[in-house]
Amino acid sequence: MTAARQEPDPPEDDLAARFRAGDESALREAYDRYGRAVLHLATSTLANRSDAEDVTQTTFVAAWLGRDTFDPAKGSLVGWLLGIGRRKVIDRLRVSARETRVVETVRQLPEAARTAPGPDTVVDRLVVADELARLPDDQRRMLELAFFDDLTHQQIATVTGVPLGTVKSHIRRGMASLKRRWEVDGATPGARPAGLPGAR
């Protein structure tokens, strides 16, 4: 009476061979048989259950797509799956660590732009941009790097490959042109546009 129900799981070797051959029913059987083992591996390392479930799924997807690389002579199917699972867990940990670093970096950024720039600042920048467009190419490039990218003279020399003395000379002449324009537009004599770096 009990013999009718005795239908054991297919032997590991048979399942492994069919899995490697691309038998889709073998994929389902492998998931049913070994999915819990892969999930246990993932949950024992990852704090988030949903991450562990994702790792389990990606493990079987990777195994199925790479089934040609499985060699039954080198080990069991479950051992091979767990090896893939370990690599997927490590990948997930790396992603989490990278995401954490990004969040921490963003948190540590200075909150320089809490308020929108005032009208005067906007006008100043427009005037500067307008005057920059009238400068010779070399002077304009140096001042753009100083004004918009906030680079020091030394950094500009490094970025452009222009000697430091030449950088300073271009910036000095460009600043003189800006100053003349600034005074014509009614700014305080000698004032420099907001955000424009001085000699550094």
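In this text the structure is predicted, and so the values were computed from the model without any measurement.

Caption draft 1: Geometry of the pattern of salt bridges. Within the structure shown, the criterion is met by six salt bridges. For Arg18, the salt bridge is made with Asp14, and the minimal N-O distance between the two is 3.2 Å. Of the two residues, Arg18 and Asp14 are both situated in helix α1 (residues 12-21); the distance of four residues between them amounts to about one turn of the helix. Residues Arg49 and Glu53 are paired through a salt bridge, measuring 3.2 Å at the closest nitrogen-oxygen approach. Linking Arg49 with Glu53, this pair stays in helix α3 (residues 49-65), spanning four residues, or about one helical turn. When salt bridges with common partners are traced through the structure, they connect Asp14, Arg18, Asp23 and Glu29 into a single cluster.

Caption draft 2: Just the nonpolar core, in detail. Ranked by internal contacts, the top residues of the largest apolar core, which has 17 residues, are Phe19, Tyr34, Leu77, Trp80 and Leu81. At the level of secondary structure, the elements contributing two or more residues to this core comprise α1, α2 (24-43), α3 and α4 (77-108). Counting residues in hydrophobic clusters, the runner-up holds eleven residues, among them Met142, Leu143, Ala146 and Ile156.

Caption draft 3: The arrangement of helix α7 (residues 153-160) in detail. What α7 keeps buried is the set His153, Ile156 and Ala157. The arc that holds the buried residues of α7, viewed along the axis, is 100 degrees, so those residues lie on one side. For α7, the exposed residues set more than 90 degrees away from the buried face come down to Thr158 and Val159.

Caption draft 4: Spatial organisation of the confidence of the model for the protein chain. Within the protein chain, residue pLDDT values average 77, and 70% of them lie at 70 or more. Across the protein chain, element-level confidence peaks in α2 with a mean pLDDT of 93 and bottoms out in helix α5 (residues 119-134) with 65. Note on residues 187-199: pLDDT under 50 across the span, and 23 contacts to partners over four residues away in sequence or across chains.

Caption draft 5: Here's a closer look at the packing of aromatic side chains. One pass over the full model with this rule turns up four aromatic pairs. Each ring, one from Phe19 and one from Trp80, has its centre 6.3 Å from the other, and the planes form 75 degrees; the classification is edge-to-face. Within this pair, whereas Phe19 is found in helix α1, its partner Trp80 is found in helix α4, the two being separated by 61 residues in sequence. Residue Trp80 is classed as buried on the basis of its relative accessible area of 18%. With centroids separated by 5.1 Å and ring planes inclined at 40 degrees, the aromatic side chains of Phe70 and Trp80 adopt a geometry described as tilted. Here Phe70, found in the loop between α3 and α4, pairs with Trp80, found in helix α4; they are ten residues apart in sequence, far enough to count as distant. The buried category is assigned to Phe70, whose relative accessible area is 1%. Following the ring pairs from residue to residue traces out a cluster consisting of Phe19, Trp64, Phe70 and Trp80. Its guanidinium or amino end placed over the ring of Trp64, Arg67 lies 4.2 Å from that ring's centre, counting from NZ or CZ.

The rules behind these values
Residues numbered from 1 in each chain as written. Predicted model: local features only at pLDDT ≥ 70, side-chain atom pairs only at ≥ 80, totals over all residues. Heavy atoms only, no water. Salt bridge = Lys/Arg side-chain N within 4 Å of Asp/Glu carboxyl O. Helix = DSSP H or I, 4+ residues; strand = E, 2+ residues; numbered from the N terminus. Core = buried A, V, L, I, M, F, W, Y, C linked by side-chain atoms within 4.5 Å. Buried < 20%, exposed > 50% of the residue type's maximum accessible area, 1.4 Å probe, protein only. Arc of directions from axis to C-beta. pLDDT = per-residue confidence, 0-100. Contact = heavy atoms within 4.5 Å. Phe/Tyr/Trp six-rings, centres within 6.5 Å; stacked < 30°, edge-to-face > 60°. Lys NZ or Arg CZ within 6 Å of the ring centre and 35° of its normal.

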